[in-house]
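Close look at the chain arrangement
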Amino acid sequence: MGTIKGLHAQLIADRVQKIMDKKGYVFFDTGIFNVNIVGVRSSNQRANEFDDTMLLIYRNKKKEWEVITSVITTDPGDYYLVDNPVNSKGTAILVPDQYRSVYQVDTHASSNKKFAHEALCQRGNTVKVWRDNNRDNVLDHDPESIDEGWFGINIHRSKSSGAANYVGAYSAGCQTFKNSTNFKLFMDVVKRSRDRYGNSFTYTLLEEQDFKE
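This structure is a prediction, so every number in the text was calculated from the model and none was measured.

1. Concerning helix H1 (residues 6–23)
With 18 residues, H1 ought to run about 26 Å at 1.5 Å a step, and its terminal C-alpha atoms sit 26 Å apart, in line with that. Turning to H1, its buried residues are Ala-9, Ala-13, Val-16, Ile-19 and Met-20. Along the axis of H1, the buried positions cluster into a sector of 135 degrees, meaning they face one direction only. For H1, the exposed residues set more than 90 degrees away from the buried face come down to Leu-7, Lys-18 and Lys-22. At its buried positions, H1 is contacted by strand S1 (3–4), strand S2 (36–41), strand S3 (52–59), strand S4 (65–73), strand S6 (98–108) and strand S12 (201–207). One or two residues past the end of H1 sits Gly-24, with phi positive at roughly 80 degrees.

2. Side note on the pattern of salt bridges
Evaluation of the coordinates by the stated rule reveals 11 salt bridges. The partner of Arg-41 in a salt bridge is Asp-75, with the nearest N and O atoms 3.0 Å apart. Taken together, the residues span a long stretch of sequence, with Arg-41 in strand S2 and Asp-75 in the loop between S4 and helix H2 (78–83) at a distance of 34 residues. In this structure Asp-75 comes out as buried when scored by relative accessible area, which is 3%.

3. What to know about the packing of aromatic side chains
Evaluated as defined, the whole model comprises 8 aromatic pairs. Between the aromatic rings of Tyr-79 and Tyr-80, the centroid separation amounts to 4.8 Å while the plane-to-plane angle is 85 degrees, which identifies the pairing as edge-to-face. With a relative accessible area of 37%, Tyr-79 lands in the partly exposed category. Centre to centre, the rings of Tyr-103 and Tyr-203 are 6.1 Å apart; their planes meet at 85 degrees, and the pair counts as edge-to-face. Taken together, the positions of Tyr-103 in strand S6 and Tyr-203 in strand S12 put the pair 100 residues apart, joining distant regions of the chain. For Tyr-103, a relative accessible area of 1% puts it in the buried group. You can call Tyr-203 buried: its relative accessible area is 1%. Through a chain of ring-to-ring contacts, the aromatic side chains of Phe-177, Phe-183 and Phe-186 assemble into a single cluster. A cation sits over an aromatic face here: Arg-131 above Phe-151, 4.6 Å from the ring centre.

4. As for the side chain of Glu-66
Inspection of the secondary structure assignment puts Glu-66 in strand S4. A polar atom in the side chain of Glu-66 sits 2.7 Å from the side chain of Tyr-58. In this structure the side chain of Glu-66 is engaged in a polar contact, spanning 2.9 Å, whose partner is the side chain of Asn-60. With residues near it in sequence (within four places) discarded, Glu-66 still touches Thr-3, Ile-4, Lys-5, Ala-9, Leu-56, Ile-57, Tyr-58 and Asn-60.

5. Notes on helix H3 (residues 180–197)
Over its 18 residues, H3 extends 25 Å from the first C-alpha to the last, a length consistent with the 26 Å expected when each residue adds 1.5 Å. Every buried residue of H3 is listed here: Ser-180, Asn-182, Phe-183, Phe-186, Met-187, Val-189, Val-190 and Ser-193. Structurally, the start of H3 carries an N-cap: the backbone nitrogen of Thr-181 is 2.7 Å from a side-chain oxygen of Asn-179. Once H3 ends, the next one or two residues include Gly-198, with phi positive near 105 degrees.

6. What about the sheet that holds strand S8 (residues 127–132)?
Read across the open sheet, the 3 strands follow the order S5-S8-S9; overall the sheet is antiparallel. Two strands bound the open sheet, and with one partner strand each, they are strand S5 (91–94) and strand S9 (147–149). Taken over all neighbouring pairs, the strand axes of this sheet differ in orientation by 45 degrees on average, direction set aside. When S8 meets S9, the two strands line up antiparallel, connected through 3 bridges. Residue pairing in the sheet places Val-127 in a bridge with Gly-149 of S9.

The rules behind these values
- Residues numbered from 1 in each chain as written.
- Predicted model: local features only at pLDDT ≥ 70, side-chain atom pairs only at ≥ 80, totals over all residues.
- Heavy atoms only, no water.
- Helix = DSSP H or I, 4+ residues; strand = E, 2+ residues; numbered from the N terminus.
- Expected span 1.5 Å × (residues − 1).
- Buried < 20%, exposed > 50% of the residue type's maximum accessible area, 1.4 Å probe, protein only.
- Arc of directions from axis to C-beta.
- Contact = heavy atoms within 4.5 Å.
- Salt bridge = Lys/Arg side-chain N within 4 Å of Asp/Glu carboxyl O.
- Phe/Tyr/Trp six-rings, centres within 6.5 Å; stacked < 30°, edge-to-face > 60°.
- Lys NZ or Arg CZ within 6 Å of the ring centre and 35° of its normal.
- Polar contact = N/O pair within 3.5 Å; in protein donor to acceptor, adjacent residues only side chain to side chain.
- Pairing = 2+ DSSP bridges.
- Axes fitted to C-alpha atoms, helices over the stretch in contact; angles between N-to-C directions.

This is the structure in structure tokens:
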């Protein structure tokens, strides 16, 4: 995965914008490095795999569309889902939605010096999550379990270098990058956006099914 430019980037931007317009979401179309941060969750409901996609969509210095694509997980790993839930209600799975001005560049896992790193952190508002409490490795999306609050659902990397094979303990519900190089590229553009527009970011989580409708 990496940076897509030219016609392919234009086609992706157009497709995502149409989907977001249909849902009533905001799509940032003006200004260079005014980023759209878009996660796409796969239809696979088995935990512990990096099988989702992060799209970072923005206009470059020439005002042409660029898209950075990365392999991520939008789901918790089995370390928390099955063996070590951190909430008595169940492990968090972020509900697809647009979370306006929720994220800021900050330090993820600040209490863990070994894993602490600069990332996008939930600082601006609440998010909605499903609570999966039956401790198997199937990701449950029960509408009756939806919980809203400040849960530290951040956007961060897994390994400090290279790529992780499985999600495991890298995510308790965060949006987590498989590859450290992709994450650095992502953050470099995000920080360019911060320097122009301020330290406040919107994250939109879509589903694979949205691209089939």
